Amino acid sequence: MLIPFDWLHSELSNICKSLLRAKQLHAFLLKTHLSQDPFYATKIVRLYAANNDIKSAHHVFDKTPNRSVYLWNSMIRAFAQSQRFFNAISLFRTMLGADISPDGHTYACVIRACANNFDFGMLRRVHGGAVAAGLGRDPVCCSALVAAYSKLGLVHEARRVFDGIAEPDLVLWNSLISGYGGFGLWDVGMQMFSMMRLVGMKPDGYTLAGLLVGIADSGMLSIGQGLHCLSQKSGLDSDSHVGSLLLSMYSRCKHMASAYRVFCSILNPDLVTWSALIVGYSQSGEYEKVLLFFRKLNMESKKPDSVLIASVLASIAQMANVGLGCEVHGYALRHGLELDVRVSSALVDMYSKCGFLHLGICVFRVMPERNIVSFNSVILGFGLHGCASEAFRMFDKMLEKGLVPDEATFSSLLCACCHAGLVKDGREIFQRMKHEFNIRARPEHYVYMVKLLGSAGELEEAYNLTQSLPEPVDKAILGALLSCCNICGNSELAETVAHQLFESSPADNVYRVMLSNIYAGDGRWDDVKKLRDNMK
């Protein structure tokens, strides 16, 4: 039989073939007795893997007697890409015992599998194996190691591998810069970026992406603007991925005017870009614009995902507009998103904050899957409506299911105590959070405790709690104590707390107004006038 090899090679090289076509080509190889050739077996394994038919790929691998390193690599990669990490590692171990040596691509594939499975121990062992095999400086292997260590947050390990390479390429530089940026070490990432430019390496979109993810808040806005200018000079701002990251960066910095300008400059924004803009408006408190752009997104015939729907519902919850919430709920139902745990949790939160706790509970009861966010939403809902006993009962139920409470859980429980005036329960929950669950108290937890103690007349205990905190004390905590002083009519303590606030926030007049009102309640009109004059 005359075999048309040119046609066959062309067909097998096209990885986009359907599963049906892959089976047809496999049948042709069986018929022509080429299926046991490791070259053709490798091609078929890759086609099956591209169609996620791992069983058929493994069958071809098993039936091939003389396996090349490329065939081993393809099968290991097929397991890894389908999240079958145990199978990938097991096959790699089998390969080590076979009469064929893994190459740099083999180790790179296994290293990526370890990173994706967050298996640090195995990653270290595979790294050691690569060094023992003489591949410790192989560029493919080293690139995978830098990316893997960076992904696991082990940037110092990544840097050690990087420093051992004589001439790192752009991919290696990008992997390390992304690792530093992704784990909050943006200053080190910027240093690496400067070093990269000094050695004559030209940044690309991935370089900028690695730097932009490290710009976390408005205090770093000027750095983000500098990177934006660099992207424009380099012609990278037209890249949709870079544009989306620039938009997200400005959103995190609460600089929505710049975020919107970037959005308008993107020729055909994808769903990720739309989501970044809408989530940015939500986090900045511009809830009307959230709804405006959500409607525009629908007019563009793009289907929002569950994350975006949850963000829109969070904005509606802040507006307490149950009518709009019902519309978005209906949208989620029509598009089959209502059973997604993120959407369901956001619906529970929205209905609770809009005053319709019973609707939130109905959504919670029909949820097929409940996570910590779902329970936090319903606990907060009960707390906001003064149903502290129900909030505690739900907390107990959550623990019975084996879920581990987080910071938001205890914020919700302390909120419930505040609304119900349960001082003893609040103290107990606060202590359990710190000692039983090893959760470090955040400013919002202290705000609730100060409110709880102050509203019950325990101002001295509330004040002592604030004084036990390291300087500077968060102004929200002191503001809560000042408000309690107003309720209890304690102008002496109010003066002490207010002066702490004046020192930490001299430009914020809201606390001067609060102290002025306390003076007015005591009939101290001269002090009221003096304070008001200082505000002018």
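Residues numbered from 1 in each chain as written. Predicted model: local features only at pLDDT ≥ 70, side-chain atom pairs only at ≥ 80, totals over all residues. Heavy atoms only, no water.

Moving on: the overall build of the protein chain. Within the protein chain one finds 32 helices and zero strands. Its C-alpha atoms give the protein chain principal-axis dimensions of roughly 105 × 55 × 50 Å. Of all intrachain contacts in the protein chain linking residues separated by at least 6 positions in sequence, the fraction that spans at least 24 positions is 58%. Per element, the accessible surface of the protein chain, about 26,300 Å² overall, is 53% carbon and sulfur. Considering the protein chain, the positive charge centre built from 52 side chains and the negative charge centre built from 50 side chains are found 6 Å apart. (Helix = DSSP H or I, 4+ residues; strand = E, 2+ residues; numbered from the N terminus. Contact = heavy atoms within 4.5 Å. Areas by Shrake-Rupley, 256 points an atom, 1.4 Å probe, with all protein chains shown as cover. Lys, Arg positive; Asp, Glu negative; His and termini not counted. Charge placed at Lys NZ, Arg CZ, Asp CG, Glu CD.)

Running from N to C, helix H7 (residues 104–116) and helix H8 (residues 120–132) cross one another at 165°; their axes reach a closest spacing of 9 Å. Between H7 and H8, the angle is such that the two are roughly antiparallel. For H7 against H8, the interelement crossing comes out left-handed. Mapping the contact onto sequence places Tyr107, Val110, Ile111 and Cys114 in H7 and Met122, Leu123, Val126, Gly129 and Ala130 in H8. Partitioned by chemical class, the residues of the contact of H7 with H8 number eight nonpolar, one polar and no charged. (Axes fitted to C-alpha atoms, helices over the stretch in contact; angles between N-to-C directions. Parallel < 35°, antiparallel > 145°, perpendicular 65-115°, else oblique. Left-handed = near helix turned anticlockwise from the far one by under 90°. Nonpolar A, V, L, I, M, F, W, Y, C, P; charged D, E, K, R; others polar.)

Within the largest apolar cluster, 174 residues are counted, with the highest numbers of intra-cluster contacts made by Met75 and Ile111. Those residues in contact with Met75 that lie beyond four places of it in its chain are Val45, Ile54, Ala57, His58, Phe61 and Leu91. (Core = buried A, V, L, I, M, F, W, Y, C linked by side-chain atoms within 4.5 Å. Buried < 20%, exposed > 50% of the residue type's maximum accessible area, 1.4 Å probe, protein only.)

Right, let's talk about the pattern of salt bridges for a bit. Summed over all chains, the structure comprises twelve salt bridges. Notably, a salt bridge pairs Arg160 with Glu157, separated by 3.0 Å at the nearest N-O pair. Pair noted here: Arg160 and Glu157 are both in helix H10 (residues 155–163), with a separation of three residues, about one helical turn. For Glu157, a relative accessible area of 19% translates into the label buried. Asp349 is paired through a salt bridge with Lys353; the nearest N and O atoms lie 3.4 Å apart. (Salt bridge = Lys/Arg side-chain N within 4 Å of Asp/Glu carboxyl O.)

Let's shift gears to the confidence of the model for the protein chain. This prediction gives the protein chain a mean pLDDT of 86; 96% of its residues lie at or above 70. Mean pLDDT across the elements of the protein chain bottoms out in helix H1 (residues 5–13) (67) and peaks in helix H24 (residues 388–400) (94). (pLDDT = per-residue confidence, 0-100.)

So, about the packing of aromatic side chains. Considering all chains together, one arrives at 14 aromatic pairs under this definition. Seen from their ring centres, Phe364 and Phe375 are 5.3 Å apart, and the 80° between their planes marks the pair as edge-to-face. Of this pair, Phe364 sits in helix H22 (residues 357–366) while Phe375 sits in helix H23 (residues 372–384), placing them eleven residues apart in sequence. Assessed through its relative accessible area of 3%, Phe364 is described here as buried. Relative to Phe437, the ring of Phe395 lies with its centre 6.4 Å away and its plane at 70°, an arrangement referred to as edge-to-face. Of this pair, Phe395 sits in helix H24 while Phe437 sits in the loop between helix H26 (423–435) and helix H27 (443–455); the two residues are 42 residues apart in sequence, bridging distant segments of the chain. Judged by relative accessible area, which is 5%, Phe395 ranks as buried. (Phe/Tyr/Trp six-rings, centres within 6.5 Å; stacked < 30°, edge-to-face > 60°.)

For the rest of this paragraph, the subject is H22. The complete set of buried residues in H22 reads Leu357, Gly360, Ile361, Val363 and Phe364. One face of H22 carries all of its buried residues, which in axial projection span an arc of 160°. Counted as exposed and oriented over 90 degrees from the buried face of H22: Arg365 and Val366. Structurally, H22 contributes buried residues whose contacts are with helix H20 (322–334), helix H21 (341–353), H23 and H24. (Arc of directions from axis to C-beta.)

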